[in-house]
Amino acid sequence: MPPQQQQHSQPAQPEHSQNNAKHNRDHSRQYQGPSPHPSGRQGASHHGYSQNRRWHQNQKLSLQGPTDKDTANRNTKETENLRTEEESGGGLLAKKEPELHNSQPEGSASSHQEGKRRDSLIDGPKVNLLQSSKERLRRRLKEKDEVLVETPNPQKSRMDKLIEILNSMRNNSSEVDAKLSTFMEEAQNSTNSEEMLSEIVRTIYQKAVSDRSFASTAAKLCDKMALFMVEGTNFRSLLLNMLQNDFTKRDELQQSDVEHWLGFITFLCEVFGTMRSSSGEPFRVLVCPIYACLRELLESTKVKEDAVLCCSMELQSTGKLLEEQLPEMMSELLAAARDKMLCPSESPLTRSLLMEVIELHARHWSPLEAFTTQYYNRTIQKLTA
């Protein structure tokens, strides 16, 4: 072969070998798939800038053909990118898991589990109570809310004035007694018919049933107005008729209007604990209905915590009086409370409320020690936060 032809044919061999190397590399990449992520995660990297740079670089290399210098630079850049990814995110995810397992010495593992077991009675899942239940808890825990009271407008009707005075009353207000006297005076001046008296009783009743935190104040107001009479009809008779009406349809209320059902039971217990007959005796006619309602609260499956809270608070306020009237029924009710407290499926809040009632009954309804009451208050606050 002539020397010129040899010179032209010699450079063709490296070019052919380079093309074969590129073909083999592309062929192996096609069947092996993308290289695994350094952090161990599947899928493409989330670094969009690095992907775009590699994509444009591969396009240029496919058009111009790779050289040894370009291949070395690309490998260097890819190595730097992998190191950057490991430092920025991938390495952290890979290191977090061992650190969580090795963060405590082996000797402290048992003590940590013991602490968890000790707090299991308190650190149960948070419960969502009805708004009326939260208001009653605030009253129990002495959390006073500031309420803005508007002065009555002389241009308003007499009934509007009574409603406005009624709405301005709060259990934690220092002016409750004064407002009760104002309401009674205004009611006596405004009531000139049986219809008007019925409207006043209905207004107080609806306010007490819809706002359980107001039930105690409403019972005091009803006690002061019990003997108020217009056209042969007195206030107390109208009130007892309304209570009896809701008692007969309490099953329907429990299914259709839980707030009204709980409000009715709360107000019924407050009336029994506050109002007295003309001879100074409690209304014995209300004892059996109250026991029936409290038993239904313990057996309720619709609003468990709210029902048990209602039962617990009413037993704390009227339990002694109820037991004095019918001690046998109180024994049956407390037996049901113990069974419910020992049930493993009940929430920590339910158990705490029932245990407090049982402990209070063991002291013959005498107030618990200060530190015991503080313990239950802290427990309730933690579970309902």
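Refer to the structure presented above.
Only a predicted model underlies this, so the values are computations on that prediction, with no experimental measurement involved.

Asks: Any chance you could explain the overall build of the chain here in plain terms?
Replies: What the chain contains, in helices and strands, is 18 helices and two strands. Within the chain, buried positions represent 38% of all 385 residues. Within the chain, counting contacts between residues at least 6 apart in sequence, those at least 24 apart form 71% of the total. Accessible area of the chain: about 23600 Å², with a carbon and sulfur share of 50%.

Asks: Explain the pattern of salt bridges here, please?
Replies: Opposite charge on two side chains makes pairing possible when the charged atoms of those side chains draw close. Taken as a whole and assessed by the stated rule, the structure comprises seven salt bridges. E199 is the salt-bridge partner of R202, the closest N and O atoms lying 3.0 Å from each other. Of the two residues, R202 and E199 both sit in helix α9 (residues 194-210), three residues apart, roughly one turn of that helix. According to the relative accessible area criterion, E199 is partly exposed, its value standing at 33%. The shortest N-O distance in the salt bridge between E346 and K340 comes to 3.3 Å. This pair shows no difference in class: E346 is buried, exactly as K340 is.

Asks: Looking at this structure, how should I read the packing of helix α11 (residues 235-248) against helix α13 (residues 258-274)?
Replies: Two quantities define a packed helix pair, namely the angle between the helix axes and the distance between the axes. It is at 11 Å that the axes of α11 and α13 come closest, and there the two elements cross at 140 degrees. Classified by the angle their axes make, α11 and α13 are oblique. Crossing of α11 over α13 shows left-handed handedness. Touching L239, L243, D246 and F247 of α11 are H260, F264, F267, L268 and V271, all from α13. The residue makeup of the contact of α11 with α13, split by class, is seven nonpolar, one polar and one charged.

Basis of the calculations
- Sequence order as written defines the numbering, with residues in each chain counted from 1.
- At least 70 in pLDDT is required for a residue's local features to be given in this predicted model, at least 80 for side-chain atom pairs to be given and counted, and no such filter applies to totals for whole chains, interfaces and linings, which use all residues.
- In computing side-chain values, all of the structure's heavy atoms are included and hydrogens and water are not.
- Only DSSP runs of H or I covering at least 4 residues are called helices, and only runs of E covering at least 2 are called strands; the numbering of each starts at the N terminus.
- Burial classification: accessible surface area is computed with a 1.4 Å probe over protein chains only, and a residue below 20% of its type maximum counts as buried, one above 50% as exposed, and the rest as partly exposed.
- In this description, contact between two residues means that some pair of their heavy atoms is separated by no more than 4.5 Å.
- Shrake-Rupley sampling with a 1.4 Å probe provides the accessible areas, and residues are treated as covered by the protein chains on show and by no other component.
- Each salt bridge in this description consists of a side-chain nitrogen of Lys or Arg and a carboxyl oxygen of Asp or Glu lying within 4 Å of one another.
- Whenever a helix is involved, its axis is fitted only over the stretch in contact; in every case the axis is a line through C-alpha atoms, and angles between N-to-C directions fall within 0 to 180 degrees.
- Orientation labels follow simple angle bins: below 35 degrees gives roughly parallel, above 145 gives roughly antiparallel, 65 to 115 gives roughly perpendicular, and whatever is left gives oblique.
- Working rule for handedness: look at the near helix, and if it is turned counterclockwise from the far one by less than a right angle, call the crossing left-handed; if clockwise, right-handed.
- Residues are sorted three ways: Asp, Glu, Lys and Arg are charged, Ala, Val, Leu, Ile, Met, Phe, Trp, Tyr, Cys and Pro are nonpolar, and all the rest, Gly among them, are polar.

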